[in-house]
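Given next are the chains, with one letter for each unit.
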Amino acid sequence: MFLPLHQRGFDTIEEFRAAAMGRYEDARRLHRRSRDLGAIYLFGYAVEMLVKAAYFHNAGFLRARTISKADRKAAAQIWSTLGLLAEPGQHDIAGWASLAVAARVTCAIEYPLGFGNEIVTRASSLYLIWRETLRYRATQPLGREVREIRSIADWFMLNGDRMF
Amino acid sequence: MPLIRNGTTKASQTLALQQELASELRDPRSAGEPTVYENRIAQTDRFHVVVIWDKWASLPLQARSRVILDTYEDVFPEKTGKITIAMGLRKPEAVSMGFLPYAIVPVIQGAEEPIRQKILDAMRGEGAWDGGHGTELRFRTIDEAEQSFARLQVAVPGPFWTIAQELATIPEL
């Protein structure tokens, strides 16, 4: 007998990365059919999962280790120690990207010069447009908003491996 | 026929922003823009820099970041390569990212028109802007808000001023 769908699988770095790829593909299909708001919503989630996975990787989690609610809460709470200006919210893509980049500085192998800053500026550009509350909206995004979110998501998928 | 003049080029615009930011970094003023937040992370000797400035409007975030990094390289060469995050935001963007959680909210209901105008002028003098929710005056810390509050009390004395804190949404982590 199967567990209910929402109880299947584990929150791990591996799962987050695989889910990011899955949602990115879903978003591309929606975009091709001009279902732009849904596409933006999923492009945003794809990036969110990738930056969260990058944070936990940079914080020393093993790929298959389960990430608990307490782990996520603890991560958000070290924002000031890592030099961030504000505590990231649950879906704050810019904040989680900043956490990921700040945590990487404490690792043996740092990101190449400028790469971390690029992650943060691109995630922030996305977060100026995207919110998880888009799921409640029936509004039509502007063409430039769709293009920008798409190009940011493309960049993250292209450069995702470099973040780990 | 409309009169169309040559616009300022992006390069000269960028240079102008760089020069203005450099002058602020060399000789910081007590109020006004740009506002520069520089966080040094002691353990790693790295810096996060956020510059809040409405003059960023015409540049995308990555170009703003470049302006900040280039300016820092010029003004503080010893910090070159040590800046992990360099972000330029306009005030409404900074609010939307949760960087300015404290607000001074004027209590103007019932106030007569000349007083209302004085209140709004005083707020603009402190750096307020007209946003989607009316005139907004925001700060990153309670200390900054209280200092501004004291100046506003001098400019327009009376029970017109309150400090409010925007609370983050309750996380469902």
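The coordinates are above.
The numbers attached to residues start from 1 for each chain and follow its sequence in the written order. Note on labels: chains are lettered from A, ligands numbered from 1, in written order. Totals for whole chains, interfaces and linings use all residues, but because this is a predicted model, local features are given only for residues with pLDDT of at least 70 and pairs of side-chain atoms are given and counted only at 80 or more. Calculation of side-chain values draws on the structure's entire complement of heavy atoms; hydrogens and water are dropped beforehand.

1. So, the overall build of chain B
Short version of the rule: Each helix is a run of DSSP H or I of at least 4 residues and each strand a run of E of at least 2, with the numbering of both proceeding from the N terminus. Relative accessible area decides the class of each residue, using a 1.4 Å probe on protein chains only: under 20% of the type maximum gives buried, over 50% gives exposed, and in between gives partly exposed. Pairs of residues are marked as contacts when any of their non-hydrogen atoms sit within 4.5 Å. Methods summary: accessible areas were calculated by the Shrake-Rupley approach with a probe of 1.4 Å, and residue burial reflects only the protein chains presented.
Within chain B one finds five helices and eight strands. For chain B, the α and β elements follow one another from N to C terminus as α-β-β-α-β-α-β-α-β-β-β-α-β. Seen through its C-alpha atoms, chain B measures out along the principal axes to roughly 60 × 55 × 40 Å. Out of the 173 residues in chain B, the part that is buried amounts to 40%. Sequence-distant contacts, at least 24 apart, represent 62% of the contacts inside chain B between residues at least 6 apart. Of the accessible surface of chain B, which amounts to about 9900 Å², a share of 54% is contributed by carbon and sulfur atoms.

2. A closer look at the interface of chain B and chain A
Operational definition: Summed over both partners, buried area is the accessible surface (1.4 Å probe) that two parts give up on being assembled. Should a side-chain nitrogen of Lys or Arg be within 4 Å of a carboxyl oxygen of Asp or Glu, the pair is scored as a salt bridge. Throughout this description, a polar contact denotes any pair of N or O atoms lying within 3.5 Å of each other; where both atoms belong to protein, one of them has to be capable of donating a hydrogen while the other can accept it, and for residues adjacent in sequence the pair is counted only when both atoms sit in side chains. Each residue receives one of three labels: charged for Asp, Glu, Lys and Arg, nonpolar for Ala, Val, Leu, Ile, Met, Phe, Trp, Tyr, Cys and Pro, and polar for the others, Gly being one of them.
Chain B puts 25 residues into the contact, and the matching count from chain A is 29 residues. Roughly 2300 Å² of surface becomes buried between chain B and chain A when both sides are summed, with 63% attributable to carbon and sulfur atoms. Inspection of the chain B/chain A interface yields one salt bridge. The partner of B:Arg46 in a salt bridge is A:Glu110, and the shortest N-O contact between them spans 2.8 Å. The tally of links from chain B across to chain A stands at eight residue pairs in polar contact (both at pLDDT 80 or more). When contributions to the side of chain B that touches chain A are tallied by element, the ones reaching two or more residues are strand 1 (35-41), strand 2 (46-52), helix 2 (61-75), strand 3 (83-89) and helix 3 (91-96) of chain B. Residue composition of the side of chain B that touches chain A, by class: 11 nonpolar, 10 polar and four charged.

3. Description of the environment of A:Phe16
All names here are of chain A. Structurally, the position occupied by Phe16 is in helix 1 (residues 13-32). By relative accessible area, Phe16 is classed as buried at 9%. Taking the C-alpha atoms as reference, Phe16 lies 9.3 Å from Val51; in sequence the two are 35 residues apart. Setting aside residues no more than four positions away along its own chain, Phe16 makes contact with Asp11, Met49, Lys52, Ala53 and Ile67.

4. Concerning the sheet that holds strand 1 of chain B
Residue and element names in this part refer to chain B. Heads up, the condition is: Whether two strands pair depends on DSSP finding at least two bridges between them. Angles here are taken between N-to-C directions and fall from 0 to 180 degrees, while the axes themselves are lines fitted to C-alpha atoms, restricted in helices to the stretch in contact.
Taken together, three strands build an open sheet; the order of strands is 1-2-3 and the sheet is mixed. Each having just a single partner strand, strand 1 and strand 3 make up the two edges of the open sheet. Between one strand axis and the next, the sheet turns by 10 degrees as a mean value, whatever way the strands run. Examined bridge by bridge, strand 2 and strand 3 share six bridges and lie parallel to one another. Residue pairing in the sheet places Val50 in a bridge with Met87 of strand 3.

5. Overview of the pairing of strand 1 of chain B
Residue and element names in this part refer to chain B. Of the pairings in the sheet, the one linking strand 1 to strand 2 comprises seven bridges and is antiparallel in character. The residue bridging Arg40 from the neighbouring strand is Phe47, located in strand 2. Following strand 1, the chain reverses through four residues before pairing antiparallel with strand 2; Asp45 in that reversal takes a positive phi of roughly 55 degrees.

6. Notes on the sheet that holds strand 4 (residues 102-106) of chain B
Residues and elements named next belong to chain B. Ordered by their spatial adjacency, three strands build an open sheet running 7-4-8, and the pairing between neighbours is antiparallel. Pairing within the sheet leaves two strands with one partner each, and these edge strands are strand 7 (138-139) and strand 8 (161-165). Across five bridges, the pairing between strand 4 and strand 8 is antiparallel. Bridge pairing in strand 8 places Tyr102 opposite Gln165.

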